[in-house]
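Next come the chains, spelled out residue by residue.
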Amino acid sequence: MRYLFTKKVKIVLIIAVLLTAGLAVAANLLGTTIGDVVVQSVLTPLRSGASALTQQAERIYDYIFKFEQLETENAALREELSQIQENNRDAASIKRENDRLRELLNLKAEHPDYELVDSYIISWDSNDWSYSFTVNRGSNAGIAEGMCAITESGAVVGVVTQVGSNYAVVKSVLDSSLKVSATIASSGYSGIVRGAYATGNPGMLRMDYLPSAAVVRNNDQVVTAGSTVYPRNLILGNIVDWAMTDNGMAKYAILKPAADFDSLEQVFIITNFDTE
């Protein structure tokens, strides 16, 4: 019997007695039963854990909600920025159109005989040799083949070569196949102007058949000589270079076009003018 209670068993029993006594004292002080104290001791850590999980869940919910709110605000800001940019583009477009109309009023004051139809370029069809574009007005607006297209400042753009009811195709002066009779405004020397790509100057114009004795200076303005297609004194371009032909019998000049084809968006078709 003396070995019935080993050392380890005795220790466990002592701890149990002390724990029971401690619970009894705690129950007496708190006015509860020992069972309540045991239950509270077990549940308190569980409640603490549950409270911590609840707080973490609330933080995660707040993060998700705030993220969605920020995402919504961000989308609204992007939409607002897009609208501002579109308004700016519209304002810039309106300003350009107003500037063109002011220039056009000056042109009409100088040439009251011009009857003009305004049109916008809707597509380009160009390659190394050919330069043409399509505008959004046609025969319904009084446009016909063989009519001249100009800018608001009177710079020659080209001539109408094809017409539909609501569109027209314009061959530009950059096209090597389009030839225009022209004169140097300061001296009156005459020649023929066409696109200069075929002679190694893409985007430029070339004036051929100038007399070998012609006085040619850089920056001289070249204008139309006048015909049934082109009114007199429309601007074709300015001379940037000149030379003798290979046979030495004549001169030619290279011109920078007066029309800015890189930014061209609106042209005016001359449907009628006085040829006198």
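The coordinates are above.
Residue positions are counted from 1 within each chain, in the order its sequence is given. Owing to the predicted nature of the model, reporting of local features is limited to residues with pLDDT of at least 70; listing and counting of side-chain atom pairs is limited to 80 or more, with chain, interface and lining totals taken over all residues. Only hydrogens and water are set aside; all other atoms, that is, all heavy atoms of the structure, feed into the side-chain values.

On to the overall build of the protein chain, then. The way it works is that DSSP assigns letters per residue, a run of H or I at least four long becomes a helix, a run of E at least two long becomes a strand, and they are numbered from the N terminus. Broken down by element type, the protein chain carries two helices and 12 strands. Mapped from its N terminus to its C terminus, the protein chain presents α and β elements in the order α-α-β-β-β-β-β-β-β-β-β-β-β-β. Only protein chains enter the accessibility calculation, which uses a 1.4 Å probe; a residue whose area is less than 20% of its type maximum is buried, one above 50% is exposed, and one in between is partly exposed. Residues classed as buried in the protein chain amount to 30% of the 276 residues present. Any pair of residues with heavy atoms lying within 4.5 Å of one another is described as a contacting pair. Relative to all contacts within the protein chain whose residues are 6 or more apart in sequence, the contacts with residues 24 or more apart total 54%. What sets the accessible areas is the Shrake-Rupley method with a 1.4 Å probe; for residues, cover comes only from the shown protein chains. Within the structure as shown, the protein chain displays about 17,300 Å² of accessible surface, and the carbon and sulfur contribution to it stands at 56%.

In this structure, the largest pocket occupies an estimated 230 Å³ of space. Class assignment of the residues belonging to the lining of the largest pocket gives a composition of five nonpolar, four polar and five charged. Lining residues are those with an atom within 4 Å of a point, where the points come from a 1 Å grid over the protein atoms alone and group into cavities, where a 1.4 Å probe fits but cannot get out, or pockets, open sets with protein on both sides within 12 Å along at least five of seven lines. Grid points are joined across faces, edges and corners, and a volume is the space filled by probe spheres set on the points. Basically, the charged four are Asp, Glu, Lys and Arg, the nonpolar ten are Ala, Val, Leu, Ile, Met, Phe, Trp, Tyr, Cys and Pro, and anything else, Gly included, counts as polar.

We now examine the pattern of salt bridges. Take a side-chain nitrogen of Lys or Arg and a carboxyl oxygen of Asp or Glu: if they are within 4 Å of each other, that pair is a salt bridge. Tallied over the full model, the rule gives four salt bridges. In this structure, R137 and D118 form a salt bridge, with 3.6 Å as the shortest nitrogen-oxygen distance. With R137 in the loop between β2 (131-135) and β3 (148-150) and D118 in strand β1 (residues 115-126), the pair connects residues that are 19 residues apart, well separated along the chain. Judged by relative accessible area, R137 falls into the partly exposed class, the value being 30%. Here D208 makes a salt bridge to R194, at a shortest N to O gap of 3.8 Å. Remark: R194 occurs in strand β7 (residues 190-195) and D208 occurs in strand β8 (residues 205-211); sequence separation between them is 14 residues. Accessibility expressed as a relative area gives 27% for R194, which makes it partly exposed. Overlapping salt bridges, with partners in common, bring together R194, R206 and D208 in one network.

Bridge count between β1 and strand β12 (residues 266-272): six bridges; the pairing is antiparallel. For S119, the partnering residue across the bridge sits in β12 and is V267. The pairing of β1 with β2 spans five bridges and is classified as antiparallel. Pairing of W124 across the sheet is with F133, part of β2. Here, a strand pair is defined by DSSP locating no fewer than two bridges between the strands.

Our focus in this paragraph is the sheet that holds β8. Strand order in the closed barrel formed by six strands is β6-β7-β8-β11-β10-β9, and the pairing between neighbours is antiparallel. Taken pair by pair, the neighbouring strands of this sheet meet at an average axis angle of 40°, ignoring direction. Bridge analysis of strand β9 (residues 221-224) against strand β10 (residues 235-244) gives three bridges, and the strand direction is antiparallel. Counted as the bridge partner of V223 is I235 from β10. Only the contacting stretch of a helix is used when fitting its axis, a line to C-alpha atoms as for every element, and angles between N-to-C directions run 0 to 180 degrees.

This next bit is on the environment of V117. Along the chain, the position of V117 falls in strand β1. We classify V117 as buried; its relative accessible area is 9%. In this structure, the C-alpha to C-alpha distance between V117 and I269, residues 152 residues apart in sequence, is 5.1 Å.

Turning our eyes to something else, we now look at the sheet that holds β1. Around the barrel, six strands lie side by side as β1-β2-β5-β4-β3-β12; this closed barrel has antiparallel pairing. The average undirected angle you get between the axes of adjacent strands in this sheet is 45°.

Another point: the pairing of β2. For a regular strand, side-chain orientation follows a simple rule: the groups alternate between the two sheet faces. With respect to burial, β2 is a largely interior element, five of its five residues being buried. Residue alternation in β2 divides its side chains into two sets, Y131, F133 and V135 and S132 and T134, and both sets are buried. Note that β2 and strand β5 (residues 168-172) share four bridges and pair antiparallel. Bridge pairing links S132 to K171 in β5.

Now for the side chain of Q266. Along the chain, Q266 falls in strand β12. Setting aside anything within four residues of it in sequence, one finds Q266 in contact with E97, R100, D118, S119 and Y120.

The nonpolar side chains of a soluble globular protein tend to be buried, and buried together. Counting 47 residues, the largest nonpolar core has V157, V193, M207, V222, L236, V267 and I269 as the members making the most contacts within it. Dropping the residues within four chain positions of it, V193 is found in contact with L178, K179, V180, A182, L205, R206, M207, V222, L236 and L255. Among the buried residues, those of types Ala, Val, Leu, Ile, Met, Phe, Trp, Tyr and Cys that are joined through side-chain atoms within 4.5 Å form a nonpolar core.

Residue placement: R232 occurs in the loop between β9 and β10. If sequence neighbours within four positions are ignored, R232 has contacts with Y114, T224, A225 and G226. For R232, the side chain forms a polar contact with the main-chain oxygen of A225, separated by 3.2 Å. Counted as a polar contact is a pair of N or O atoms within 3.5 Å, where, for protein atoms, one must be capable of donating a hydrogen and the other of accepting one, and residues adjacent in sequence contribute only when both atoms are in side chains.

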